[in-house]
Amino acid sequence: MRGSEVSGMYDHILVPTDGSDASQTVIEHAAELAQVHDATLHGLFVINTASIADIPMDSGWEGVNQALKTEGERALSAVEDAAGDVPLETEMVDGSPAKEIVRYAADNDIDVVVMGTHGRSGVDRLLLGSVAERVVRSSSVPVLTIRTGDD
């Protein structure tokens, strides 16, 4: 493909981030893809409410909630840094990560989701599940996975 044929293939690229060190590679890949395609990059951080539902209320819900929001702001700041001059939209939402990623993609005319996967298999995958796998199975748009772990 020539450059003019590539431009416009993707107009909106979603990069969900969990703020981990491994997600930086995925963010950089998504930002480069957005630059090549002259696309808008969308950064999404999902506060995983399912994982915090079991925290006892005496743990200080407000403190936990604020810590998660701070983590989300830091994660989205990394997307902003990588985006450079690429048009960028960011959002932080509460919910189940896979469901919220798929919902965001559908609601925002996303052309491709770029996300990391740890490459787990066997028992680890069965026990831990995979957000990326659930997104791949339920997304109506293409999902580009970037292997991020040594697992």
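Just so it is clear, the model here is predicted, and its values are computed rather than measured.

K.L.:
In this structure, what is going on with the overall build of the protein chain? I would like to understand it.
P.N.:
When helices and strands are tallied, the protein chain shows seven helices and five strands. Along the protein chain, helices and strands appear, N-terminal first, in the series α-β-α-β-α-α-β-α-β-α-α-β. Intrachain contacts of the protein chain at a sequence separation of at least 6 include 78% that bridge at least 24 residues. With an accessible surface of roughly 8600 Å², the protein chain has 48% of that area assigned to carbon and sulfur atoms.

K.L.:
Would you mind showing me how to read helix α5 (residues 97-107) here?
P.N.:
Residues lying three or four places apart along an α-helix face the same way, a consequence of the helix completing one turn every 3.6 residues. Buried residues of α5: Pro97, Ala98, Glu100, Ile101, Val102, Tyr104 and Ala105, and no others. In this structure, the buried side of α5 is in contact with β1 (12-16), β2 (40-48), β3 (88-95), β4 (112-117) and α7 (131-138). Just downstream of α5, Asp109 is the residue with a positive phi angle, here 50 degrees.

K.L.:
Would you mind showing me how to read the environment of Gln24 here?
P.N.:
Relative to the assigned elements, Gln24 resides in helix α2 (residues 23-36). On a C-alpha basis, the gap between Gln24 and Ala78 in space is 7.5 Å, while along the polypeptide they are 54 residues apart. Ignoring anything within four residues of it in the chain, the contact list for Gln24 reads Ala78 and Ala82.

Rules behind the numbers
Residues numbered from 1 in each chain as written. Predicted model: local features only at pLDDT ≥ 70, side-chain atom pairs only at ≥ 80, totals over all residues. Heavy atoms only, no water. Helix = DSSP H or I, 4+ residues; strand = E, 2+ residues; numbered from the N terminus. Contact = heavy atoms within 4.5 Å. Areas by Shrake-Rupley, 256 points an atom, 1.4 Å probe, with all protein chains shown as cover. Buried < 20%, exposed > 50% of the residue type's maximum accessible area, 1.4 Å probe, protein only.

On their own, these measurements won't tell you what the molecule is for.
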